[in-house]
Amino acid sequence: MTNETNYRKKAHAVFFAAIMVTSMIAAGVAFTGGVAAGNSNDFSGLAASPNPVGVNENVTITGSTSTSGKDVVFAFDEDGDGTIQSDEVIDTIQDNGNNDLDDSDNAVEFKFKPSDVTGMSGGNSYTVGAWEEDGTYSGSTENGADDATPFSASNFDTTISLDVRAAGNPVFNSDERLTSNSAIAQNYDTSTSVGGVGSGAVIFQGEEDLTFVRNDDTEVAPGSLSQTGGSGVLEMPMADDTPVGQYATSTDGSGNPAAGSYNVTVQRPRVTTFEVQNSGGADVSGGTLVADGSGASVQVNYNYEAAEDVELTVEDENGLDVTDEIVTGAQTRNGDGSFSIDPDAVDEGDYTFSVSGVEDLDFGAAADSTTVTISSSQTASLNLSSDEITQGENLQYTVENSPEGNFHAVTIDGSDFRSGISNTSASQIFRNVGDTSEAGVVAGGTVYPAGSSGIPSPSNIDYAYAVVEIDGGNGVGSINTQYLSDTSVDVELYPAGANITSSDTLGGDVVNNFSSDDDQSVDVTQGTVSLNSPTGAYVVGSEVTVNGTTSEGIDEVAIYARNNNDFELVTIDGSNTTSVDADNTFEEEGVVLNGETLGNNLLSLPGTYRLGIIDASDADLDTPAGPDPTLTTSEFNSGVSSTSSIQVTDTELSGSFTTYNGQVATSDGEVDVSGVALGKNNVIVAVVDSRGQAIAEQVSVDSDGTFDNVSVDMGNLNEGSVSAHIISSGRDDHFGENSSLDGSAFESAIEGYSGTSDQVRQRILANSVEDTASDDLIVTENFRYASGLTTIESATDPVAMDGTLTVEGTTNLQPDDNTITVELLTEDGDSVSIDSTESWGTDGMWSVEIDLSETDIETGTYTVESDDGDNTDRQDIEVVEEVETPEDTPEDTPEDTPEDTPEDTPEETEEPADTTEPTEEETPGFGAVVALVALIAAALLAVRRRP
């Protein structure tokens, strides 16, 4: 054997040995590679919720990857052989993949039901492991699919023990919230607002994580629950505005849940009581909580304790959460009760206390908040709602920074009282409203509560007072500024309990025995009132609008009219006062100022007067209550008042009757009357015929003093000349001097008069305008009362067969209620065309046009007929082919012989001596011949054109 051969044999041996070693290594890798390759132990934080979990309940698995986008295999060793096979994989989740419920990086989440996993059953515990694939082995792909099995269970990155509850008979509490024995839902937890609810449960708008569980431990889908009183279905999570009411899987014929059906009731979550209470148990919400070292609390009552706990949070005025500092016990609770707080633990200032559900129920009425001022000062303070106010406005004041239940005296010195007020008014400066327990005045050390007897005159009163209780954190009262002088007024606040009796009244002089805790000043300015209407002229009896404006604080005004040096009350629609609206205006419409009493009687007489307006409270000087009937000029001017001028004038009357062609047709049977009667509600219209028969009618007058086109029935009046009268009563609203002769009585009287027409008219006048000292007014017109008549006055004649036929005429009929028809007839009486009109003026002239171009008319003689329904009239016309326009004679004269026209030869006729030339003598004869020829030609033309 050569060396070359030995070397070749050695090489072959080394080669085969290498192949064998490599094959053995490869076989080892093939056997163990699926167990060890790709596992870098990087997945962490594996958790399951809920745990334990019902066998038919969803469990949520979460954890964290070391690198985003990686696949994570979740599995459990079903057969316990230590190797995970593909059928033992629960799921493979790719971070941020389609099946990852958590879309944030490096976080994985998925859900499954144990009953859906082969080998899992209720009543057992299972070790669930997670393994993050790292892609270092052959075939690994980040695709949300299992690329790792088989592998050793010992190589899980992390594991967790999952306890699976068996299906059973679920147990519910009295609120039908699950407490145990369910395999599909976790026990209800009010701290998380998660769990199962049974049939008949009350649930709340906004709840998000409820599982509806039947008694046989099967789940009810929310969408299968329909509203029994509506068309909606339940959704989970529930919206904050889910319709309240009952929801059921089925209903009976009455709209109630059917027997055996699953049902729940949706309610609105509410906080019913939320109070910050001081150590005495008084509510100081919105007020002051004194940090006095004693206990304080926050009381909460709410209706959703079955669903969720509530929590208390406290923030300072900068929004900083100080709950941990001020709340001394638990910050959450279930059910009605209180939270303990320590106001000494925080600085003085304003704090916002808030309460709401711990999870879902933190919206709308399910939450509440209030602001409280925490103070360590024991000195009360006074706050006025304004530092400037108009006389008559009510000024609110607030006693602050005093413990709940305290009583304080508040005073105003007598020097600040308004001049001229009564002792009763002085005792009412402090209003007995709000938290006021007593109000009155003090004189010479004696206390006189409002309403008591023996109150001295204002000049002897030292001060007005009120006793105010701290209730709800503050004490609130009110001052009636109409009794204060228009100056700067000081309001004094005295310490709690200063001369306050056990019955919460003032027991003696407080001003001279105690120093005040606080004082505030307010500038009181004089109020204003103004009357915008009526001003200027006023007609007696007319209706006007009374309106104007006032300053703040005036509730009612009164109207007065000045008579010499006194102001006399004017009632408005029978009332002594007029109310002022919230926008500080007042208005009354349709008011008649004149009348029988005081100022109203004054305004019944023509003349110029001062009309005054005053704050009604300033006009109430004497008993009984209300504005006094008369005020002196000084009394009127001392109140909030103003005046304006008004000129009272007599009533006025004007009017007319509507006739047509000076007549009223008997077929119409009525006449229209219009006019103006300022200051009157009605007038009398009377008509007397030629035989002395009369009719009369009351006609209403509008609020603006007018009556327009009122129809008056002519009754059975005789035809012929009639007189028509409009009669208005004077300022006294009756006719003549007979006070009983009002409108209705005079109307009847006129229709009862008899005699000749002159006698009847005389009696009308004698009992009205001509009666002694009468101020009645009358308007008279004469016209004819005649049968209806319509005539043709003219018609186009001749008229061209393609022209327009115009027919005009007169009538005494009323338009609108009557129609005049015009018809064109042939000689045989056949109708060619017809038209009509319902409009004409009071002159009775009517007109109708007929367009012949729209007819098939031929030339000839026709008849035009008018018809008003009762009367007809006719006129013949000629219809021609064409109507010639007449030509002037000068145009027919030849243009080359102008000297032959008669107009050209006047001088020749007057001065024959000048016509010596033969040419000039022949001119007249030639002109006559030409004229004769022209005449004959025209005649021939006319004959030719005549049909």
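For every chain, the first residue of the written sequence is number 1, and numbering continues from 1 along that sequence. Restriction of local features to residues with pLDDT of at least 70 applies here, the model being predicted, together with a cutoff of 80 or more for giving and counting side-chain atom pairs; totals for whole chains, interfaces and linings are based on all residues. Only heavy atoms go into the side-chain values, all of them from the structure, while hydrogens and water stay out.

(A) A look at the pattern of salt bridges. The salt bridge criterion pairs a side-chain nitrogen of Lys or Arg with a carboxyl oxygen of Asp or Glu, the two atoms within 4 Å. Under the defined criterion, the tally for this structure stands at six salt bridges. Here E207 makes a salt bridge to R177, at a shortest N to O gap of 3.2 Å. Residue E207 is found in the loop between β14 (202–204) and β15 (209–213), and its partner R177 is found in the loop between β11 (171–172) and β12 (178–180); the two are separated by 30 residues along the sequence. Residue classification places R177 among the buried positions, given a relative accessible area of 1%. Secondary structure follows DSSP: runs of H or I at least 4 residues long count as helices, runs of E at least 2 residues long count as strands, and numbering of each begins at the N terminus. Each residue's exposure class comes from its accessible area (1.4 Å probe, protein chains only) as a fraction of the maximum for that residue type: buried when under 20%, exposed when over 50%, partly exposed otherwise.

(B) Structural context of the environment of E882. Tracing the backbone through its elements, the reader meets E882 in the loop between β64 (872–880) and α8 (889–892). Exposure remark for E882: the relative accessible area of 62% places this residue in the exposed category. Taking C-alpha positions, E882 is 7.7 Å from V799, a pair spaced 83 residues apart along the chain.

(C) Just the sheet that holds strand β28 (residues 381–384), in detail. Strand pairing is defined by DSSP finding a minimum of two bridges between the two strands. If you trace the four strands from one edge of the open sheet to the other, you get β28-β30-β36-β32, paired in antiparallel fashion. Strands at the two margins of the open sheet, each flanked by one partner only, are β28 and β32 (430–431). Alignment of strand β30 (residues 394–400) against strand β36 (residues 475–480), held across six bridges, turns out to be antiparallel. Among the inter-strand pairings, Q396 is bridged to a residue of β36, identified as S478.

(D) The packing of aromatic side chains, seen in detail. Two aromatic rings, drawn from Phe, Tyr or Trp (for Trp, its six-membered ring), form a pair once their centres lie within 6.5 Å of each other, and the interplanar angle then sorts them: stacked below 30 degrees, edge-to-face above 60, tilted otherwise. Summed over the entire model, instances satisfying the criterion amount to 14 aromatic pairs. Judged by centre distance (5.6 Å) and plane angle (85°), the ring pair of F151 and F156 falls under edge-to-face. Here the two residues F151 and F156 agree in accessibility, since each one is buried. An aromatic cluster is present here, built from F43, F74, F110 and F112 joined pairwise through their rings. Only lysine NZ and arginine CZ atoms are considered, and such an atom sits over a ring when it is within 6 Å of the ring centre and within 35 degrees of the ring normal. Sitting over the ring of Y188, R177 keeps its end group 4.6 Å from the ring centre.

(E) Broad picture of unusual backbone geometry. A cis amide bond links N51 to the next residue, P52, at an omega of 15°. Among the secondary structure elements, P52 is positioned in the loop between β1 (44–49) and β2 (53–54). A cis amide bond links D797 to the next residue, P798, at an omega of -5°. On the secondary structure map, P798 appears in the loop between β57 (790–795) and β58 (799–800). Phi is positive for E176, close to 60°, though the residue is something other than glycine. Its identity is not glycine, yet N181 carries a phi of approximately 65°, on the positive side. When you line up the elements, N181 lands in the loop between β12 and β13 (194–197).

(F) The arrangement of the sheet that holds strand β49 (residues 654–658) in detail. Across the sheet, which stays open at both edges, the three strands sit in the order β49-β51-β54 with antiparallel pairing between neighbours. Edge positions in the sheet fall to β49 and β54 (706–713), since each of these pairs with one other strand and no more. On average, each strand axis in the sheet is tilted by 20° relative to the strand beside it, whichever way the strands run. Relative to strand β51 (residues 670–676), β49 is paired through five bridges, and the arrangement is antiparallel. Following the sheet pairing, G655 is matched in β51 by G675. Geometry is summarised by axes, namely lines fitted to C-alpha atoms with helices restricted to the contacting stretch, and by angles between N-to-C directions that run from 0 to 180 degrees.

(G) Representation of the environment of D628 in the model. Structurally, the position occupied by D628 is in the loop between β46 (607–615) and β47 (630–632). Relative accessible area serves as the criterion here: at 5%, D628 is assigned to the buried category. What D628 contacts, discounting residues up to four positions off in sequence, is Y560, L569, A619, D620, L621 and D622. Here, residues are in contact when the closest pair of their heavy atoms is within 4.5 Å.

(H) Main features of the environment of S68. Within the secondary structure, S68 is located in the loop between β3 (59–64) and β4 (71–75). In this view, S68 contacts D95, D105 and N106; residues no more than four positions away in its chain are not counted.

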